[in-house]
Amino acid sequence: AVVSTQSGHYGRGIRGRLLRGTVRSLKMKRTLTIRRDYLHYIKKYNRFEKRHKNISAHVSPAFLDLKTGDTVLVGQCRPLSKTVRFNVLKVIATGGLDKKKFKKF
């Protein structure tokens, strides 16, 4: 299903996955890094372990007020560069500066 939002992805077709994550880095030009935390089940020990992935996403000029720690919604689009395959669609919440803290719950 193609998602259409008025917040500026400027005609890049959003299709596939919609993910949410915490902004980790804004050091690149028009690109940010988000951190996605999740739990992975270990069958042998009948327990979960914490894991995370970092994802690069394109930031439209419409989202100039983003800060580290904000929670954002990103949508999958065509490859924009070697590592960027997602586009920021919406800022869900503004948060603190705790970058490495596990925020699953």
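Computed from a prediction, not measured in an experiment: that's the story for all the values here. (Residues numbered from 1 in each chain as written. Predicted model: local features only at pLDDT ≥ 70, side-chain atom pairs only at ≥ 80, totals over all residues. Heavy atoms only, no water.)

(A) Expanded view of the sheet that holds strand S5 (residues 86–93). Reading around the circumference, S1-S2-S3-S5-S4 is the order of the five strands in this closed barrel, with mixed pairing throughout. Strand-to-strand, the axes of this sheet are offset by a mean angle of 45 degrees, without reference to chain direction. One ladder, built from two bridges, connects strand S3 (residues 47–58) with S5; its direction is parallel. By the bridge assignment for S5, His58 is matched with Asn87. (Pairing = 2+ DSSP bridges. Helix = DSSP H or I, 4+ residues; strand = E, 2+ residues; numbered from the N terminus. Axes fitted to C-alpha atoms, helices over the stretch in contact; angles between N-to-C directions.)

(B) How the structure looks around the environment of Val23. Mapped onto the fold, Val23 is located in strand S1 (residues 18–28). Residues Val23 and Ile34, 11 residues apart in the sequence, show an inter-C-alpha distance of 4.4 Å. What Val23 contacts, discounting residues up to four positions off in sequence, is Leu32, Thr33, Ile34, Leu66, Lys67, Thr68, Gly69, Asp70 and Val72. (Contact = heavy atoms within 4.5 Å.)

(C) Main features of the side chain of Thr31. By the secondary structure assignment, Thr31 is in strand S2 (residues 31–42). Residues in contact with Thr31, not counting those within four places in the same chain, are Leu26, Ser56, Ala57, His58, Val59 and Val84.

(D) Expanded view of the pairing of S2. Sheet analysis places S1 next to S2, joined by four bridges and oriented antiparallel. Opposite Met28, over in S2, you have Thr31 as the bridge partner. What sits between the antiparallel neighbours S1 and S2 is a turn of two residues, in which Arg30 has the positive phi angle 60 degrees. As paired elements, S2 and S3 share 12 bridges and run antiparallel to each other. For Leu39, the partnering residue across the bridge sits in S3 and is Lys50. From the end of S2 to the start of S3, which pair antiparallel, there are four residues, and Asn46 there has a positive phi angle of about 55 degrees.

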